[in-house]
Amino acid sequence: MRTYLKPEIFYQDNLPPKEQVITPGQECIIVYDIMLTEIPEFKNWLTMFEHYYGVTGGEALKSIKYFPEHFDKICRKILHASRTGLKVIAVGGGSIGDFAGFFASSYKRGVSLINIPTTLLAAIDSAHGGKNGLNSSFSKNQIGTFYFPEKVFICRKILNYLPEDQILSGFGEVLKTAILAGDSLWDKLQIDDEITMNYLWPLLPEIVDHKYKVVEKDPFEVTNKRRILNLGHSLGHVLEKQFNLLHGEAVAQGLHFTLDWSVEKKHLSREDYKKMKLCLETHFPCIKEELGPHITKARALELLMTDKKMDLDQELNFVYLKGLGLPHVEKTKVYNIIAKLFQHSWVT
Ligand SMILES: [Zn+2]
């Protein structure tokens, strides 16, 4: 029987000193994104540790094809360590977390895992849900486990290095969370200025807490309770794959579409619709005029069908909105999604 224990979450300025991640007698291997070595604080921090393994983040890292080679190389570094005395520390964005999480869950049938997310998306989302995943040539994230870290460290000085486009992408996922969470978080995000890390930092605990509130209802996805986290992601995934958009940017476009459809289905009041649409448009102008003409119905269908959330009977659990803080999951035919995308000029 799998059990769920909420990880300890630390919000701090600096990367954790060695004694915060391991106790005397324990050993760890740091699995990190090699891009991080450009950050002086990270480079210094890494020198405190004996075993580390640098990887290039991205989809290639998640390919099952290359995993055995990585596995062997990491094993060679930690052969002497006992199962109970070893921790895997993942430092990087979503792909590093997925890769290192899967390694930690499978090495000697599971060793302790610590996450240090270094992108905004990972810090508010992927570092927390307990999911890891590798890709086969047929589908994304279909090889993986539910495996929760024991600790997550969110470090301000590292996140401060994020470029503007990464922060804006993360903000797409932040807005999704605020729409799911409702008034209290939503009200705090109503600014017209450019989104910065300084602005977001004090809000991170509330954003992350919301994710745990949803995850705790169904940590191992036995029921449908985590589905609401997919808000904006059906069209989002299509656009992300087709146009190489950043994830949160694609999700923001998916939110535009969800709002339009929800109000048409009379799930959502005009008043709530206008409020949410205005906020989205302030930060993510709708780009369907730019992208829509470049994706055909057939291609959109192909991308939707390869989505891992697809049911066999060709219906999808589409997340609509009934208001702020009121997501509504409804089985929807893929055909109807395509027709609606066409009607709204997202596809031609
Ligand atoms: Zn997402």
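Residues numbered from 1 in each chain as written. Predicted model: local features only at pLDDT ≥ 70, side-chain atom pairs only at ≥ 80, totals over all residues. Heavy atoms only, no water.

Q: Can you explain the coordination of the zinc ion? Please cite residues and give values.
A: Protein-derived coordination of the zinc ion comes from E173 (OE), E173 (OE), H233 (NE2) and H247 (NE2), at a distance range of 2.1 to 2.8 Å. Each of the 4 donor atoms bound to the zinc ion contributes to angles spanning 49 to 138°, and the resulting shape is irregular. (Donors = N, O, S within 2.8 Å, 3.2 Å for Na, K, Ca; no water. Tetrahedral: all angles 85-135°; square planar, octahedral: opposite > 155°, others 65-115°.)

Q: Describe the side chain of N135, naming the residues involved and giving the relevant values.
A: Topologically, N135 is positioned in the loop between α5 (120-126) and β6 (151-155). Its relative accessible area of 9% is what places N135 among the buried residues. When neighbours within four sequence positions are excluded, N135 is seen to be in contact with E59, K62, S63, I64, K140, N141 and I143. (Helix = DSSP H or I, 4+ residues; strand = E, 2+ residues; numbered from the N terminus. Buried < 20%, exposed > 50% of the residue type's maximum accessible area, 1.4 Å probe, protein only. Contact = heavy atoms within 4.5 Å.)

Q: How would you sum up the environment of K18? Please name residues and give values.
A: Position of K18 among the secondary structure elements: in helix α1 (residues 18-21). Distance in space between the C-alpha atoms of K18 and K265 is 54 Å, their sequence separation being 247 residues.

Q: Describe helix α16 (residues 334-343), listing the residues and the values that go with them.
A: Listing the buried residues of α16 in full gives V334, I337, I338, K340 and L341. Along the axis of α16, the buried residues cluster in a sector spanning 165°; they form a single face. For α16, exposure combined with an orientation more than 90 degrees from the buried face picks out Y335 and Q343. (Arc of directions from axis to C-beta.)

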